Amino acid sequence: RNAPQESGIAGDLWAIHGGGFYHLKKYKTAPRELPSELHWFKWEAYATWLSGFCLLAVVYYFNAQAFLLTPPETQAAHNEFTIAAVRALFQRNPSIAIVFAIAAVIGAWFVYDGLCRSRLQRAPGWLAACVFVALVLLTWLLCQVFSGRAAYIHVGAALGTMMVGNVFFVIIPAQKEMVAAVAEQRQIDVQHGANGLLRSRHNNYLTLPVLFIMLSSHFPGAYSHAWNWAILAGLAVVGWLVRHYFNVRKQRSPTALALLPLALLLMVGLAWLSAPRPQPPPQPQIAAENAATPPPDLARIAQIIQQRCVGCHAAAPTEFGFTAPPGGLTLETRASIAQHASRIFTATVVHKTMPIGNLTGMSDAERSVIAAWYQALTIQK
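All residue numbers refer to positions counted from 1 along the written sequence of the respective chain. Side-chain atom pairs in this predicted model are given and counted only at pLDDT of 80 or more, local residue features only at pLDDT of at least 70, and totals for whole chains, interfaces and linings cover all residues. The basis for every side-chain value is the complete set of non-hydrogen atoms in the structure, without hydrogens or water.

A.B. asks: How would you summarise the overall build of the chain if you had to cite specific residues and measurements?
C.D. replies: Secondary structure elements are defined from DSSP: runs of H or I of at least 4 residues count as helices, runs of E of at least 2 residues count as strands, and each element is numbered from the N terminus. The helix and strand tally for the chain stands at 15 helices and 2 strands. Residue burial is assigned from relative accessible area. The probe radius is 1.4 Å, only protein chains are included, and a residue is buried under 20% of its type maximum, exposed over 50%, and partly exposed in between. Within the chain, buried positions represent 36% of all 381 residues. Residue contacts are defined here by distance: any two heavy atoms, one from each residue, within 4.5 Å place the two residues in contact. Of the contacts made within the chain by residues no fewer than 6 positions apart, 63% connect residues no fewer than 24 positions apart. Only carbon and sulfur atoms are counted for the fraction: they give 64% of the accessible area of the chain, which is about 22800 Å². Placing the 28 positive and 17 negative side-chain charges of the chain at their respective mean positions leaves the two points 7 Å apart. In short, Shrake-Rupley with a 1.4 Å probe defines the accessible areas, and a residue's cover is counted only from the protein chains shown. Here the positive residues are Lys and Arg and the negative ones are Asp and Glu; neither His nor the chain ends is included. Here the site of a charge means atom NZ of a Lys, CZ of an Arg, CG of an Asp or CD of a Glu.

A.B. asks: Kindly report on helix α4 (residues 94-117), identifying the contributing residues and their values.
C.D. replies: Counted at 1.5 Å a residue, the expected span for α4 with its 24 residues is 34 Å, and the 35 Å between its end C-alpha atoms agrees. Within the sequence span of α4, burial applies to Ala97, Ile98, Ala101, Ala104, Val105, Ala108, Trp109, Tyr112, Asp113, Leu115 and Cys116. Those residues of α4 hidden inside the fold are in contact with α1 (43-61), α2 (64-67), α3 (83-92), α5 (124-145), α6 (148-183) and α7 (190-215). Expected span of a helix: the number of residues minus one, times 1.5 Å.

A.B. asks: Outline the confidence of the model for the chain, listing residues and values.
C.D. replies: Values of pLDDT, ranging from 0 to 100, describe the predictor's confidence in every residue of the model. Across the chain, the average pLDDT comes to 88, with 92% of residues at or above 70. Note that residues 74-78 has pLDDT below 50 and, in this model, 8 contacts with residues that lie over four places away or in other chains. Predicted confidence for residues 285-289 stays below pLDDT 50, and this span has 1 contact to residues more than four positions away or in other chains.

A.B. asks: Kindly report on unusual backbone geometry, identifying the contributing residues and their values.
C.D. replies: Omega for the peptide link from Met354 to Pro355 comes to -5°, which places this bond in the cis form. Along the chain, Pro355 turns up in the loop between α14 (341-350) and α15 (364-380). Phi is positive for Gln185, which is not a glycine, with a value near 55°. Within the secondary structure, Gln185 is located in the loop between α6 and α7. Classification of Gln185 as exposed rests on a relative accessible area of 76%. The phi angle at Lys352 is positive, at roughly 55°, despite the residue not being glycine.

A.B. asks: Kindly report on the packing of α4 against α6, identifying the contributing residues and their values.
C.D. replies: Running from N to C, α4 and α6 point in directions that differ by 50°, and their axes come no closer than 9 Å. Overall, the two elements α4 and α6 adopt an arrangement that is oblique. α4 and α6 meet at a crossing whose hand is right-handed. Across the interface between the two elements, Ala101, Val105, Ala108, Trp109, Tyr112 and Arg117 from α4 touch His154, Ala157, Ala158, Thr161, Met162, Gly165, Asn166, Phe169 and Val170 from α6. Classifying every residue of the contact of α4 with α6 by side-chain character gives 10 nonpolar, 4 polar and 1 charged. Here the axes come from fitting lines to C-alpha atoms, over the contacting stretch only for helices, and the angles between their N-to-C directions go from 0 to 180 degrees. The labels follow the angle: roughly parallel below 35 degrees, roughly antiparallel above 145, roughly perpendicular from 65 to 115, and oblique for the rest. Left-handed describes a crossing whose near helix is turned anticlockwise from the far helix through less than a right angle; right-handed describes the clockwise counterpart. Polar here means any residue outside two lists: the nonpolar Ala, Val, Leu, Ile, Met, Phe, Trp, Tyr, Cys and Pro, and the charged Asp, Glu, Lys and Arg; Gly therefore counts as polar.

A.B. asks: Got a sec to walk through empty space enclosed by the protein? Specific residues and values, please.
C.D. replies: The method works on a 1 Å grid over the protein atoms by themselves. A cavity is a set of points holding a 1.4 Å probe that cannot get out, a pocket is an open set with protein on both sides within 12 Å along at least five of seven lines, and residues with an atom within 4 Å of a point line them. Grid points are joined across faces, edges and corners, and a volume is the space filled by probe spheres set on the points. Applying the stated criterion to the full structure yields 4 cavities of 30 Å³ or more. What lines the largest cavity is a set of 14 residues, among which Thr139, Val155, Leu232, Ala233 and Ala236 lie closest to the centre. Sorting the residues of the lining of the largest cavity by element identifies α5, α6, α7 and α9 (228-248) as the ones contributing at least two each. Looking at the lining of the largest cavity, the element that brings in the most residues is α9, giving 5 residues. Counted by class, the lining of the largest cavity contains 13 nonpolar, 1 polar and no charged residues.

A.B. asks: So what's going on with the environment of Arg249? Residues and values would help.
C.D. replies: Counting through the fold element by element, Arg249 comes out in the loop between α9 and α10 (254-274). On the basis of relative accessibility, which here comes to 33%, the residue Arg249 falls in the partly exposed class. For the pair Arg249 and Leu259, spaced 10 residues apart in sequence, the C-alpha separation works out to 9.3 Å.

A.B. asks: Account for the side chain of Asn166, naming residues and giving values.
C.D. replies: Secondary-structure assignment places Asn166 in helix α6. The exposure class assigned to Asn166 is buried, which follows from its relative accessible area of 0%. The contacts of Asn166, once residues within four sequence positions are left out, are Trp109, Tyr112, Ile171, Arg199, His202 and Asn203.

A.B. asks: Run through a nonpolar patch on the surface, naming residues and quoting values.
C.D. replies: Side chains of Leu211, Met214, Leu215 and Phe219 sit close together on the surface and give an oily, nonpolar patch of about 410 Å² of accessible area. Topologically, Leu211 is positioned in helix α7. The patches described consist of residues with a relative accessible area above 30% and no salt bridge, like charges being joined within 9 Å and nonpolar side chains (Val, Leu, Ile, Met, Phe, Trp, Tyr) within 5 Å. Salt bridges are defined by distance alone: a side-chain nitrogen of Lys or Arg within 4 Å of a carboxyl oxygen of Asp or Glu.

A.B. asks: Which residues make up the packing of aromatic side chains, and what are the values?
C.D. replies: Note on ring pairs: Phe, Tyr and Trp rings are taken, using the six-membered ring of Trp, and paired if centres are within 6.5 Å. Classes follow the plane angle, with under 30 degrees stacked, over 60 edge-to-face and the rest tilted. Across all of its chains, the model carries 16 aromatic pairs by this definition. Their ring planes at 70° and their centres at 6.0 Å tell us that Phe100 and Phe146 sit as a pair that is edge-to-face. Of the two residues, Phe100 is situated in helix α4 and Phe146 in the loop between α5 and α6; the sequence distance between them amounts to 46 residues. Overall, Phe100 belongs to the partly exposed group, its relative accessible area being 29%. Residue classification places Phe146 among the buried positions, given a relative accessible area of 1%. Between Trp109 and Phe169, the aromatic rings sit 5.5 Å apart at their centres with planes inclined by 25°, giving stacked as the arrangement. One end of the pair, Trp109, is in helix α4; the other, Phe169, is in helix α6, with 60 residues separating them in the sequence.

In structure tokens:
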């Protein structure tokens, strides 16, 4: 509610939650007297960041070849400064890749904080635009040198670091200064509150993109796409539009009401862009040539799966770092291969996300064999 009845109150909120009623008030500056105890909203952010970084290290750094790096490719010359050369360097020295990943996450905070402390803080709209451009550049760079899945999660780690940095370096110090000013009965510097409010608003708008990134490993259509960086940037815009709608929805303005349809249209467009594309039908001449060649049988597919996939997808995996089959999927028998034909085709041919990091070296020729086998199965059905 924007029209509170009490003087000195900037706004209040009546809410019902957990079987009880709540009345929250926000002071324009501060109350005349402070209560004996204050609840500080900080430990939630700190615990989330620390646990998230530990999980990042366990998954992406302890087994960098599988999850962090791109599959091995033709080695570039040592004196070349190209994306391929960087990928090759990371493949030869995973420790360098890990240092680069951590530096990108921490460096994002310094770039963001520098922008917020510049003259741009007087123009919040331009500041938000510059931060967005910087994040898009970071996303593009990480998507070039790391696997799409790792790139997404490191962008999320960078956003999370920015959010917790806001809490630790700006919001909490500003709040402590305000508490000290009230306790000492001196004038409150409103700039501290303004700085904290700016960073808090940024955290508010970053929440939904971070939530998607936390779940992004379940969406290979996004992170394995050739335009994965642009898809993530678009999804971030969708999250910001939705968040902005909930922030301004009580204004009932035409602009506010248009935010959700706009976000929906953008979301549908991104879903269409990242959706798996069906294999085009063969040209008549090629079809005639292949007619005399029988499609690969299940025995040939089982041979490929045994060599390239069963190291992980077995009841007792032999691949380093795996104690159970990913997703509970085992492919040790021909029956299980036939049962999960669609998943095998999608992961190995459409998205090419399997084998993980292509650790077992599945070739394009083998992927073509799987594609031909699956196409034959589809025709039979």
